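Inside the fold
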Amino acid sequence: QKATGGANGRGKMATRAGTSFQRRARSKRAPVPGTRPSLHNGQLLLSTGVPSLDYLIGGGLAVGTLLLVEEDRYESYSRMLLKYFVAEGIVCGHSLLIASAKDHPEEILQDLPAPLLDDVIEIKESTKETEDNMADITSAAALQDSMSIAWRYQNLPVVQTALTSSSRFGHYYDVSKTMSPELQHSVNCHSFFRPDEVPLDVAAAEFSNMNFGYVKLLRAIQRVIREEGFDGSSPQTKQRNILRIGIHSLGSVLWGDDVGLNENPESAYSLTRFLYALRGLLRTSLSACMITVPAYLIQNKAVIGRVVKLSDTVIGLESFNASERETNPIYKDYHGLFHVRQLPRLNCLISDVPDTKDLAFKLKRKLFTIERLHLPPDLSDTVSRSSKQDVAESAKLLSSGCGGVASGNKHLDF
């Protein structure tokens with residue numbers, strides 16, 4: 001009893017005295033809206049406005065990095081990606097800076113796609129699943145009778161073409177509708193239109209080996225970053241926010257750059273210096289940038305290599321408009337090929353490599369999607385005998401993951 005009483009007494013004394021150990025509380029700083037940390041390297045990510053593109057580049061575009069888009073020949077789909085990027089910034093409440101030398105930034109804002117509500121998306125997806133299930137049930141009996149040749153493929157898994165992540169990030173948009181003016185003007189938007197910013201008498205002049213239009217654009221970006229506190233030099237008046245920078249058709253003749261007309265690599269110094277200075281501004285601020293470049297106009301591969309090395313993430317769009325592939329039966333379900341040129345290496349030694357390189361994009365149900373490109377199981381019923389040779393030549397462009405390609409003039413051999 002004495003021992004028990006002594007232990008109780010010492011416990012009461014320890015309770016009264018307390019302890020110096022304190023549980024470390026989590027930081028009460030509010031997260032930046034429209035962002036999430038990366039599961040691979042802990043980098044802060046934001047959505048590009050296209051969920052399938054976010055999946056390909058590692059979950060989203062890292063804050064402080066540059067995304068370079070190689071334009072297609074008619075600039076229709078690259079311009080659409082830029083609109084998705086700007087529209088996602090408006091929905092998330094981010095600040096914007098739009099620069100262009102062809103279309104006025106106000107025209108780009110007025111042509112943004114309208115966001116889709118979450119409940120509308122869920123209803124559409126559930127309706128689509130119900131329709132697909134009913135179609136599978138009604139056609140199951142017919143398939144059992146008709147599959148007399150391909151019976152060995154019945155138990156093979158279905159090819160998953162959609163690029164989706166387990167966690168939802170970003171929003172969906174309807175390209176057939178435009179965003180409401182109230183939503184467009186709900187965020188702080190800065191514009192840079194080169195014809196208004198650069199006088200005609202100094203348009204062709206160069207300052208410190210850089211195009212004067214590029215110099216003015218860098219000063220405008222630097223001024224917005226410093227005045228609104230995106231670099232941390234002055235605290236932001238409200239909660240922390242992100243600056244999204246969208247630059248349309250950089251390096252074209254309208255920007256006063258002759259990199260596409262002159263094959264001499266010396267003429268590329270103006271564009272490369274601008275990209276080098278821009279990355280320095282992005283690395284030291286809460287900002288992210290998407291740039292579209294008409295790479296098909298640059299004939300010198302050395303210039304393209306420098307531009308790619310000075311960017312973090314590089315993707316390319318190859319449209320089928322007015323090309324031979326538009327009538328090719330292999331690409332009948334797609335509008336173009338999608339190329340991943342380069343992925344960033346942030347806080348790690350290697351980048352997140354996608355599981356496939358055979359990618360294609362299309363406008364599906366008013367949505368821009370990127371899918372895995374795979375060959376159909378049989379082309380003999382849909383392709384004429386005279387065009388099988390063309391089909392075989394086109395199939396050689398794909399990787400061997402979709403099946404072997406027969407040699408000679410034969411068509412696909414699975």
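Residues numbered from 1 in each chain as written. Predicted model: local features only at pLDDT ≥ 70, side-chain atom pairs only at ≥ 80, totals over all residues. Heavy atoms only, no water.

**Looking at the nonpolar core**
Under the convention used in this document: Working definition of a nonpolar core: buried Ala, Val, Leu, Ile, Met, Phe, Trp, Tyr and Cys residues. They are joined through side-chain atoms within 4.5 Å. For the exposure calls, accessible area comes from a 1.4 Å probe over protein chains only, and a residue counts as buried if that area is under 20% of its type's maximum, exposed if over 50%, partly exposed in between. Strands here mean DSSP runs of E at least two residues long; helices mean DSSP runs of H or I at least four residues long; both are numbered from the N terminus. Contact between two residues is taken to exist if any of their heavy atoms lie within 4.5 Å; hydrogens are not considered.
Membership of the largest hydrophobic core comes to 39 residues, with the highest contact counts inside it found for Leu53, Leu81, Ile90, Phe338, Phe368 and Ile370. Ranked by residues supplied to this core, first place goes to helix H3 (residues 76-92) with 9 residues. Excluding its chain neighbours within four sequence positions, the residues that come into contact with Ile90 are Leu96, Leu109, Leu112, Met179, Leu183, Gln184, Ser186 and Val187. Among the nonpolar cores identified, the runner-up in size contains 37 residues, and Tyr214, Leu275, Leu282 and Leu310 belong to it.

**A few points about the packing of aromatic side chains**
We count it as follows: Centre distance within 6.5 Å is the pairing criterion for rings of Phe, Tyr and Trp, where only the six-membered ring of Trp is used; planes under 30 degrees apart are then read as stacked, over 60 as edge-to-face, and the remainder as tilted. Two conditions define a charge sitting above a ring: the NZ of Lys or the CZ of Arg must be within 6 Å of the ring centre, and it must be within 35 degrees of the ring normal.
One pass over the structure, following the stated rule, counts 8 aromatic pairs. Relative to Tyr173, the ring of Tyr84 lies with its centre 5.8 Å away and its plane at 65°, an arrangement referred to as edge-to-face. Taken together, the residues span a long stretch of sequence, with Tyr84 in helix H3 and Tyr173 in strand E7 (residues 173-178) at a distance of 89 residues. Note on Tyr84: relative accessible area 3%, which makes it buried. Taken together through their ring pairs, the aromatic side chains of Tyr77, Tyr84, Tyr173, Phe361 and Phe368 make up a single cluster. Between Arg244 and the ring centre of Phe85, over which it is positioned, the NZ or CZ distance is 4.8 Å.

**Topic: the pattern of salt bridges**
Inclusion rule: Should a side-chain nitrogen of Lys or Arg be within 4 Å of a carboxyl oxygen of Asp or Glu, the pair is scored as a salt bridge.
One pass over the full model with this rule turns up 8 salt bridges. Two residues, Lys102 and Glu75, come together in a salt bridge whose shortest N-O distance is 3.7 Å. Residue Lys102 is located in the loop between strand E5 (95-100) and helix H4 (105-110), and its partner Glu75 is located in the loop between strand E4 (66-70) and H3; the two are separated by 27 residues in the primary sequence. In this structure, Arg325 and Glu318 form a salt bridge, with 3.1 Å as the shortest nitrogen-oxygen distance. Residue Arg325 is classed as partly exposed on the basis of its relative accessible area, which comes to 23%. Note on Glu318: relative accessible area 30%, which makes it partly exposed. In the salt-bridge network here, residues are joined through shared partners; they are Arg279, Arg283 and Asp312.

**Let's talk about the environment of Gly34**
Relative to the elements of secondary structure, Gly34 occurs in the loop between helix H1 (2-17) and strand E1 (35-37). It is 8.1 Å that separates the C-alpha atoms of Gly34 and Gly89, two residues lying 55 residues apart in sequence. Excluding its chain neighbours within four sequence positions, the residues that come into contact with Gly34 are Leu45, Leu46, Ser47, Cys92, His94 and Phe169.

**A look at the packing of helix H9 (residues 269-283) against helix H10 (residues 301-309)**
Here is the rule we go by: Orientation is described by lines fitted to C-alpha atoms, with helices fitted over the stretch in contact, and by angles between N-to-C directions that extend from 0 to 180 degrees. The cut-offs work like this: below 35 degrees is roughly parallel, past 145 is roughly antiparallel, 65 to 115 is roughly perpendicular, and the gaps in between are oblique. When residue character is reported, Ala, Val, Leu, Ile, Met, Phe, Trp, Tyr, Cys and Pro are called nonpolar, Asp, Glu, Lys and Arg charged, and the others, Gly included, polar.
At their nearest, the axes of H9 and H10 sit 9 Å apart, and the two run at 10° to each other. Accordingly, the angle class assigned to the pair H9 and H10 is roughly parallel. In contact with Tyr269, Leu271, Thr272, Leu275 and Arg279 of H9, H10 contributes Arg306, Val307 and Lys309. For the contact of H9 with H10, a count of residues per class yields 4 nonpolar, 1 polar and 3 charged.

**Brief notes about empty space enclosed by the protein**
Operational definition: Only protein atoms enter the 1 Å grid used here, on which a cavity is any set of points holding a 1.4 Å probe that cannot leave and a pocket is any open set flanked by protein within 12 Å on both sides along at least five of seven lines; residues with an atom within 4 Å of a point are listed as lining. Grid points are joined across faces, edges and corners, and a volume is the space filled by probe spheres set on the points.
Summed over the entire model, instances satisfying the criterion amount to 1 cavity of 30 Å³ or more. Considering only enclosed or pocket space, the largest cavity measures out at about 50 Å³ in volume. Every residue lining the largest cavity is listed: Leu68, Glu70, Val293, Ala295, Ile298, Ile304, Val307 and Val308. Broken down by secondary-structure element, the contributors of at least two residues to the lining of the largest cavity are E4 and H10. Considering every element that reaches the lining of the largest cavity, the biggest residue donor is H10, with 3 residues.

**Let's talk about the side chain of Ser47**
Spelled out, the test is: Polar contact criterion, stated in full: a pair of N or O atoms within 3.5 Å, where within protein one must be able to donate a hydrogen and the other to accept it, and residues adjacent in sequence count only if both atoms are side-chain atoms.
When you line up the elements, Ser47 lands in the loop between strand E2 (44-46) and helix H2 (51-56). Taking relative accessible area as the criterion, Ser47 reaches 1% and is therefore assigned buried. Here Gly49 takes part through its backbone nitrogen, which lies 3.1 Å from a polar atom of the side chain of Ser47. Ignoring sequence-local partners within four residues, the contact set of Ser47 consists of Gly34, Asp54, Glu88, Phe169, Gly170 and Arg244.

**Points about the environment of His171**
Among the structural elements, His171 can be located in the loop between helix H5 (118-146) and E7. Between the alpha carbons of His171 and Pro115 there is a distance of 7.0 Å; along the sequence they are 56 residues apart. Aside from chain neighbours lying at most four places away, what touches His171 is Gly49, Pro51, Glu88, Val91 and Cys92.

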